[in-house]
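Overview (structure and organization)
If you want the building blocks of each chain, they are given just below.
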Amino acid sequence: MSSTYLALHNIHQKFGTHHALKDVSLDVAEGEFVCFLGPSGCGKTSLLRIIAGLDLPTAGKVNQAGTDITYAPVKHRDFGIVFQSYALFPNLSVEDNIAYGLVTQNVSAPQRRARVKELLATVGLSGSESKYPAQLSGGQQQRVALARALATSPGLLLLDEPLSALDARVRAHLRQEIKQLQEKLGVTTIMVTHDQEEALTMADKIVVMNHGVIEQIGSPQTVYTQPKSAFVASFVGEMNFLQADVAGDRTLKSGDHTIEFNGLLDPKQSDIQVAIRPEDIRFFADQDGENTYAGRVAHTEFLGSRVRSTLKLDGIDAPLLADVSMNEMATLNIEAGHPVYCQLPKDRLHVFEGAK
Amino acid sequence: MDATSTVSRTNSNKRPFFGQKSLDEWLLGSVLVVGIIALFICIVLPIYSLLSKSVQNNAGEFVGLDNFLTFITTPSLSSSIGNSVSIALICTFIVTSLAFMAAYGLTRTKIPLKGTFRLVMALPILAPSLLPAISLVYLFGNQGIMKELLMGESIYGPIGIIIGSCFWTFPHALMIMVTALSNTDARLYESADVLGASPARTFFTVTLPGAKYGIISVAFVVFTLVITDFGVPKVIGGQFNVLATDIYKQVIGQQNFEMGAAVSVILLLPAILTFITDRWLQRRQSALLTSKAVPWVAPKRPIVDRFFLVTMIILSAIVIGIIAMAVYASLVTFWPYNLALSLNNYQFDLMDGGGWESYWNSIEMACYTAVIGTGFIFFQSYLVEKLGGYKVIKWFFHLFAILPLAVPGLVLGLAYIFFFNAPNNPLNGIYGTMAILVVCTISHFYTVCHLTGTTALKQIDPEFESVSASLKVPQIYTFWRVSLPVCLPAVLDIASYLFVNAMTTVSAVVFLYSYNTTLASVAVLNMDDAGDIAPAAAMAVMIMMTCMVAKIIHWFVGDVLLKSSQRWRVR
């Protein structure tokens, strides 16, 4: 494992009585792409601003490349930042914008020009030197902002919701580009986002946050397939939840049904939630096999490549969402009002503490 | 995960006492501190001296409310309260109605020549308030050309004060009203139309409520402007006493400073009331219009359009007529006996009041005010808006910067005498110099400039400073390279506002000029006082022309030069 580049130790931040961040600790390895993911107000932007030095923590420590930078002035830190608004200087040309940080670092004019040219080529905007920000599209402005942040070759790149002001198509395209660029340059990157798709596709490591605490840290696959909490499970991807009680070491009871579970359960626990992703529910023609229940299709919703059906299982109040492909749908005759048998495979179940 | 978790994660590190600011942020912070000290000395302390003087007697002993009691129990003095209030109320009603009609014509009809009408109706702002008063003397005075229209009534008194005050406050009212009526939402009109409302009903249920805050704001502004103005009643008021002339008489005529201070405090009340109402209204107003509003485009309404066209022509004719009368009077050799045109009245050096020197003094004062004032105000408003930290200082800075709006010029001038002329004041030396005139004028007009600056700065991205800090660029460099160029139009607005007001103001400086620093606007007053009305008119015309030139330069630099040299402004 590569060495830790940035380390946050027990960060707290309070605004009056509001506890924006509670005991946040995190290690970021060199060259890693980390996403802070969470709903608005979860503290992800506060954390980014503390790393940048734009705000101060109430308690805790920030270490970058082995130095304590908790209270270091913004200017004495080594990072580049891209804001949601891009914050391009409207009265300066693209070239002057990108070279803005180089001018005060005594870089000679020819070197500056060469660096700007190189960066513009990197972000795919060669030849735009003399344009002004207002003459560029949103996606192009974002690239210029990225080039400006990278111009001084910072050790750390901070991205604050960089794609949220763009339309869907441009966003998907830039997502890939930023990721490739980051891999090529090997710059340690932290991106703040509320878009789980963005986080899943771009990050090496996702930090899921809620109410000022870290809910889970892990790779995109881990966060998706092994969510540590009901919040992570519901925020990243779709998830069905059922109220249940522990009935045995490996069995649960929900309504009239017994549900088999793969892992060991704590019999002392009551009031737990069983969860399953819509794509993990399987349909069958008859009621064979474990965890298979009879029910009815209440409603179907066409999503393009697949269909999302809403199921009512006999003896369970909460409706379940299940995704099926178009082919499966035709063979199993899944239509609103039709009876179905469906299985909740025991190796795909998640169990979380507490009622929802 | 890895070995770092074994490192002790205690929070033993303390925040360094110097915070996390870098050197240049500390330097900018100290400039802000210097700025707030300057405001404290130039605005807060003088007003405090005035307030304390109003509860002292001649010997400087505390006498409580005795001065106020004397004022109220002296019939000749207390009657001026009634006079002032009734004059101000009448003007408020007239100006608010006319400004509403004019603004409606400019924003909600299809009449031609809107730009020209607007330009003409804004003209009075370029002249001192003395100009309409002098003009009225020529039109309706004892030897006036239209004296018969008054049917035996005298122009010297309430009638003159009302007409003159309406004339010079009209453009101020019009500006606010046009803004209020420009904010339309076509969807409301469409809804009213679809629901079958008559034009009259639409007017009373949509148009009028939409402009409600603007109308209230105009009413308060006009009331305050009229009640605190001193130029018009001084020239044309005759024996009709108002509060503003009382202060002048008490201080200049009778050297009764304590009574002057007491009257000033009374005069502060309506201004403070207006100020508070205005703040309150602005908070309400902002919530009124959503960003989704679709501007309303006036349909063709022949009768309505014709009515407003006639109204605009009449209003413009009155404005032009009053100004033209002053210009004509200044050119007539000897009214009304020798109507031959000459420039005799422009030979100011032959009259009392300071001569041509006072004109050049005014230009000098206005230039200093514009240059120093704009530099100081804009840079300070930049620091207030864009420097990190210093929350308490910024809060007080804002408070001090807003304060002058509630202080009438006459009151501020008197406050300056009390504060700067005190023998124990180390700044005593600037009393009677050009410096005190410049300082007083900047302070007097501080608020509008400060708000212009902060509004412009609020519109630029708040992350510019963060970005430049992350690029290790000093903040002052970003100010010079980005914030200042982007805000140049606002900077020009501030400079031209300060210049024009410095040229035309009488109220504050009338107490502060000395033999060496006579000013053009004060010369108008003094020549009129001495009976040299034609030269007074001539000087007023000179002031107006100078302001026109300043406005033309402003337009040229702002609209022609900036747009051609700053390619990025054009999309």
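Position numbers for residues count from 1 along each chain, tracking the sequence in the order it is written. Chain labels run from A onward and ligand labels from 1 onward, assigned in the order the entries are written. The model is predicted, so local features are restricted to residues of pLDDT at least 70 and side-chain atom pairs to those at 80 or more, both for listing and for counting; the totals for chains, interfaces and linings are taken over all residues. Each side-chain value is derived from all of the structure's non-hydrogen atoms; neither hydrogens nor water enter the calculation.

1. Quick notes on the UniProt feature "domain: ABC transmembrane type-1" (unreviewed entry) in chain B
Residues and elements named next belong to chain B. The UniProt feature table records "domain: ABC transmembrane type-1" (unreviewed entry) at residues 81–278 and 359–554. Numbered from the N terminus, helices here are DSSP runs of H or I no shorter than four residues, and strands are runs of E no shorter than two. Here residues 81–278 runs as 76% helix and 0% strand, with 23 Å between its end C-alpha atoms. Taken as a whole, residues 359–554 contains 73% helix and 0% strand, while its terminal C-alpha atoms sit 21 Å from one another. UniProt positions are given in the numbering used here, feature names are shortened, and annotations may be inferred rather than shown by experiment.

2. Thoughts on the packing of helix α3 (residues 75–108) of chain B against helix α4 (residues 114–122) of chain B
Residue and element names in this part refer to chain B. Lines fitted to C-alpha atoms define the axes here, with helix axes fitted over just the stretch in contact, and angles between the N-to-C directions of these axes take values from 0 to 180 degrees. Their axes nearest at 10 Å, the elements α3 and α4 cross at an angle of 150 degrees. When the axes of α3 and α4 are compared, the pair comes out roughly antiparallel. The hand of the α3/α4 crossing is left-handed. Contact residues: Ala-102, Gly-105 and Leu-106 in α3; Lys-114, Phe-117, Arg-118 and Met-121 in α4. In this classification, Asp, Glu, Lys and Arg are treated as charged, Ala, Val, Leu, Ile, Met, Phe, Trp, Tyr, Cys and Pro as nonpolar, and every other residue, Gly included, as polar. In terms of residue class, the contact of α3 with α4 is built from four nonpolar, one polar and two charged. Here the angle decides the label: under 35 degrees means roughly parallel, over 145 means roughly antiparallel, 65 to 115 means roughly perpendicular, and every other value means oblique. Note on convention: near helix rotated counterclockwise from far helix by under a right angle means a left-handed crossing. Clockwise means right-handed. When checking whether two residues touch, look at their non-hydrogen atoms; a contact exists if any pair is within 4.5 Å.

3. Focus on the pairing of strand β14 (residues 272–276) of chain A
Residues and elements named next belong to chain A. The cut-offs for exposure are 20% and 50% of the maximum accessible area for each residue type, with area from a 1.4 Å probe on protein chains only; residues under the lower value are buried, those over the upper are exposed, and the others partly exposed. In terms of burial, β14 is largely enclosed, as five of its five residues are buried. Neither face of β14 is open: one carries Ile-272, Val-274 and Ile-276, the other Gln-273 and Ala-275, and all of them are buried. What makes two strands pair is DSSP finding at least two bridges between them. Sheet analysis places strand β11 (residues 240–246) next to β14, joined by five bridges and oriented antiparallel. Bridge pairing in β14 places Phe-241 opposite Ala-275. Bridge analysis of β14 against strand β20 (residues 350–353) gives four bridges, and the strand direction is antiparallel. Directly across from Gln-273, in β20, lies its bridge partner Phe-352.

4. Observations concerning the nonpolar core
The nonpolar side chains of soluble globular proteins are, as a tendency, buried together. Phe-36, Leu-158 and Ile-190 of chain A together with Val-510 and Phe-511 of chain B are the most contacted members of the largest nonpolar core, which has 206 residues in total. The element contributing the most residues to this core is helix α23 (residues 533–565) of chain B, with 12 residues. Those residues in contact with Ile-190 of chain A that sit more than four places away from it in its chain are Leu-6, Val-28, Val-34, Phe-36, Leu-48, Ile-51, Leu-156, Leu-157, Leu-158 and Leu-159 of chain A. Counting residues in hydrophobic clusters, the runner-up holds 41 residues, among them Leu-88, Leu-102, Val-123 and Ala-149 of chain A. For this analysis, a nonpolar core means a set of buried residues of the types Ala, Val, Leu, Ile, Met, Phe, Trp, Tyr and Cys, connected via side-chain atoms within 4.5 Å.

5. Brief notes about the domain arrangement of chain B
All names here are of chain B. Along its sequence, chain B is carved into domain 1 (23–53 + 347–571) and domain 2 (54–286 + 296–342). Start and end points for every domain follow an automatic or database-based domain assignment. With centres defined by C-alpha atoms, the gap from domain 1 to domain 2 works out at 24 Å. We define buried area as the total accessible area lost by two parts upon association, computed with a 1.4 Å probe and summed across both. Across the interface of domain 1 and domain 2, roughly 3,400 Å² is buried in total on both sides, 78% from carbon and sulfur atoms. Its largest share of buried area at the contact with domain 2, domain 1 owes to Lys-53, Leu-410 and Met-544, together 17% of the area lost on that side. By definition here, a salt bridge exists when the distance from a side-chain nitrogen of Lys or Arg to a carboxyl oxygen of Asp or Glu is within 4 Å. At the junction of domain 1 with domain 2, the criterion picks out one salt bridge. In this structure, the salt-bridge partner of Asp-529 is Lys-234, at a minimum N-O distance of 2.7 Å. Between N or O atoms, a polar contact is any pair within 3.5 Å; within protein, one atom must be a potential hydrogen donor and the other a potential acceptor, and residues adjacent in sequence are included only when both atoms are from side chains. Across the contact surface, domain 1 and domain 2 share eight residue pairs in polar contact (both at pLDDT 80 or more).

6. Regarding the sheet that holds strand β2 (residues 18–29) of chain A
Hydrogen bonds between backbone atoms are what pair the strands of a sheet, whose relative direction is either parallel or antiparallel. All names here are of chain A. Across the sheet, which stays open at both edges, the four strands sit in the order β2-β1-β4-β5 with antiparallel pairing between neighbours. This sheet does not close on itself; its edge strands, each paired only once, are β2 and β5 (67–68). With five bridges joining them, strand β1 (residues 4–15) and strand β4 (residues 59–64) adopt antiparallel strand pairing. Bridging from a neighbouring strand, His-9 pairs with Lys-61 of β4. Packing against the sheet, helix α1 (residues 44–52) makes contact with β1, β2 and β4, and its axis sits at approximately 120 degrees to β1.

7. Focus: the pattern of salt bridges
Overall, the coordinates contain 17 salt bridges over all chains when judged by the stated rule. When the shortest N-O distance is used, the salt bridge between Arg-49 of chain A and Glu-463 of chain B registers 3.8 Å. Highlighted residues: Arg-49 of chain A in helix α1 and Glu-463 of chain B in the loop between α18 (446–458) and α19 (464–470), drawn from two different chains. For Glu-463 of chain B, a relative accessible area of 17% corresponds to the buried category. Three or more residues are tied together by salt bridges with common partners; here these are Glu-238, Arg-306, Arg-308 and Asp-323 of chain A.

8. Description of the state of the cysteines
We call a pair of cysteine sulfur atoms a disulfide when they lie within 2.5 Å. Counted by the stated rule, this structure contains zero disulfides over all chains. Lacking any disulfide linkage, Cys-547 of chain B is separated from the closest cysteine sulfur, that of Cys-367 of chain B, by 11 Å.

9. Remarks on the domain arrangement of chain A
Residue and element names in this part refer to chain A. The domains assigned to chain A are domain 1 (4–234) and domain 2 (240–353). Centre-to-centre, using C-alpha coordinates, domain 1 lies 39 Å away from domain 2. For the pair domain 1 and domain 2, the summed buried surface comes to about 600 Å²; carbon and sulfur atoms form 58% of the total. Sorting the residues of domain 1 by area buried against domain 2 places Tyr-224, Ala-230 and Ala-233 first, and these three jointly supply 66% of that buried surface. Our count for the contact surface shared by domain 1 and domain 2 stands at zero salt bridges. Within the residue set of the side of domain 1 that touches domain 2, elements represented by two or more residues are α8 (220–225) and α9 (230–235).

10. Re the confidence of the model for chain B
When pLDDT is averaged along chain B, the result is 87; 94% of the residues meet or exceed 70. Per residue, pLDDT captures the predictor's confidence, and it can take any value from 0 to 100. Long-range and interchain partners of residues 1–13 of chain B, a stretch whose pLDDT sits below 50, account for 21 contacts in this model, where long-range means more than four residues apart.

11. Examining the environment of Leu-23 of chain B
Position of Leu-23 of chain B relative to the elements: it lies in helix α1 (residues 23–53). Of the residues examined, Leu-23 of chain B reaches a relative accessible area of 65% and is grouped as exposed.

12. Notes on α23 of chain B
A helix is expected to reach a length of 1.5 Å times the quantity of its residues less one. Here α23 of chain B contains 33 residues, and its C-alpha end-to-end distance of 46 Å stays within 8% of the 48 Å for a straight helix at 1.5 Å per residue. Here the bend at a residue means the angle between the axes of two seven-residue stretches, the one that ends at it and the one that starts at it. Of all the bends found along α23 of chain B, the most pronounced is centred on Val-557 of chain B and spans about 25 degrees.

13. Section: helix α9 (residues 212–228) of chain B
For α9 of chain B, with 17 residues, the first-to-last C-alpha span of 25 Å sits near the 24 Å given by 1.5 Å per residue. Within α9 of chain B, burial applies to Tyr-213, Gly-214, Ser-217, Val-218, Val-222, Phe-223, Thr-224, Val-226, Ile-227 and Thr-228 of chain B.

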